[in-house]
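For reference, the chains in residue letters:
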Amino acid sequence: MKRTAEKVLGIISAVLTLLGIFLSFAFSAIMKLMTNDEDIIGEFEAELYADPQINPEDVEIILSVVNTIEKFGTVAGVLFILSLVLTIIALVAVWNNKNVTLAGVMFIVSGLLAFVLTPMSIMLYIAGILCFTRKAPPADMIDTNQDSEYEAMRPL
C-alpha cells in the first residue's frame, strides 16, 4: 500500500524539527552570552531599579526568569533531537511498510516531544492517525486482471 501522505508529512516535520533544533540552540547560546556579560546584566539591572513601579524583590524575580529562559532553549533543543530521532525511525518503518501501527505511535510521541501545538507536531499527529486508520485492502479484493487503475473507470 502506498503511504505517500505519511511519508511527506514525516519528511516535512523532520525538516522543521531540524530547523527547530538549530534555532533553539542558537537562542540558548545568545541568551547565555547575554547573561554571562556583566555589562549587559548591570545595565539591565540599572534599568529595572530605575523604574519606580518595580520593587527590588521584583528585580530578583525578573533576573531569575531570564536565567530560566536561558535554560529553556537547551531543553527545547534536546526534546527536538529526541523528536527527530523518533520521526526518522517512524519514517523508516513506514517506508518499508513494516509495523505501520508502531510507526503511528512513534509519530504521535514525536509530536508530543516537539511540543503540543507547533506546525511540526500537528503534521506528526496527522501522519500518526493516518498510520492507524489506513489499512491495506485484503488480498481477495485486489483485482490482478486490470492493466492500470484507469481501465476500471472507462465508460461502457
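The shown structure was predicted, so the numbers you read here are calculated from the model rather than taken from an experiment.

(A) Molecular detail of the overall build of the protein chain. Secondary structure summary: the protein chain contains five helices and zero strands in total. Its helices and strands taken in sequence order, the protein chain reads α-α-α-α-α from the N to the C terminus. With 156 residues in all, the protein chain has 30% of them scored as buried. In the protein chain, the proportion of contacts linking residues at least 24 apart, taken out of those at least 6 apart, comes to 69%. Put simply, the protein chain shows about 10,400 Å² of open surface, and 70% of that area lies on carbon and sulfur atoms.

(B) Molecular detail of the packing of helix α2 (residues 38-50) against helix α3 (residues 56-95). For the pair α2 and α3, the least separation of the axes is 10 Å and the interaxial angle reads 145°. Relative to α3, the crossing made by α2 is right-handed. Listed contacts from α3 to F44, E45, L48 and Y49 of α2 are P56, V59, E60, I62, L63 and V66. Split into classes, the residues belonging to the contact of α2 with α3 amount to eight nonpolar, no polar and two charged.

(C) Region of the structure containing unusual backbone geometry. For N97, which is not glycine, the phi torsion reads 55° and is therefore positive. Within the secondary structure, N97 sits in the loop between α3 and α4 (100-113). The backbone of N99 shows a phi angle near 45°, a positive value even though the residue is not glycine.

(D) Region of the structure containing the nonpolar core. Within the largest apolar cluster, 13 residues are counted, with the highest numbers of intra-cluster contacts made by L9, A90, V94, A103, F107, A127 and C131. For this core, the elements supplying multiple residues, two or more each, are α3, α4 and α5 (119-133). Ignoring anything within four residues of it in the chain, the contact list for A103 reads A90, A93 and V94. Formed by six residues, the second largest nonpolar core is a distinct cluster that contains A14, F80, L84 and M120.

(E) Looking closely at α3. Taking 1.5 Å of rise per residue, the 40 residues of α3 would be expected to cover 58 Å, and the 58 Å separating its terminal C-alpha atoms lies within 8% of that figure. Count one or two residues on from α3 and you reach N97, which has phi positive near 55°.

(F) Quick peek at the packing of aromatic side chains. Enumeration according to the criterion identifies two aromatic pairs in this entry. Ring centres of F72 and F115 lie 6.2 Å apart, and the angle between their planes is 40°; this geometry places the pair in the tilted category. Here F115 lies in the loop between α4 and α5 and F72 lies in helix α3, a separation of 43 residues in the sequence. F115 gets classed as partly exposed once you look at its relative accessible area, which sits at 26%. Aromatic pair F80 and F115: ring centres 5.4 Å apart, planes at 85°, arrangement edge-to-face. Of this pair, F80 sits in helix α3 while F115 sits in the loop between α4 and α5, and the two are 35 residues apart along the sequence. Positioned above the aromatic ring of W95 is the side chain of K7, whose terminal nitrogen or guanidinium carbon lies 4.6 Å from the ring centre.

(G) Just the pattern of salt bridges, in detail. Under the definition given, this model contains three salt bridges. Where R3 meets E6, a salt bridge forms, and the shortest distance between an N and an O atom there is 2.9 Å. Like E6, R3 is buried. We note a salt bridge from K32 to E70, for which the minimum N-O separation is 3.1 Å. With a gap of 38 residues between them, K32 in helix α1 (residues 4-36) and E70 in helix α3 connect regions that are remote in the sequence. For K32, a relative accessible area of 42% puts it in the partly exposed group. One connected set of salt bridges, linked through shared partners, spans R3, E6 and R134.

Quick notes on the rules
- Residues numbered from 1 in each chain as written.
- Predicted model: local features only at pLDDT ≥ 70, side-chain atom pairs only at ≥ 80, totals over all residues.
- Heavy atoms only, no water.
- Helix = DSSP H or I, 4+ residues; strand = E, 2+ residues; numbered from the N terminus.
- Buried < 20%, exposed > 50% of the residue type's maximum accessible area, 1.4 Å probe, protein only.
- Contact = heavy atoms within 4.5 Å.
- Areas by Shrake-Rupley, 256 points an atom, 1.4 Å probe, with all protein chains shown as cover.
- Axes fitted to C-alpha atoms, helices over the stretch in contact; angles between N-to-C directions.
- Left-handed = near helix turned anticlockwise from the far one by under 90°.
- Nonpolar A, V, L, I, M, F, W, Y, C, P; charged D, E, K, R; others polar.
- Core = buried A, V, L, I, M, F, W, Y, C linked by side-chain atoms within 4.5 Å.
- Expected span 1.5 Å × (residues − 1).
- Phe/Tyr/Trp six-rings, centres within 6.5 Å; stacked < 30°, edge-to-face > 60°.
- Lys NZ or Arg CZ within 6 Å of the ring centre and 35° of its normal.
- Salt bridge = Lys/Arg side-chain N within 4 Å of Asp/Glu carboxyl O.

The values reported here are purely geometric and, on their own, carry no functional implication.
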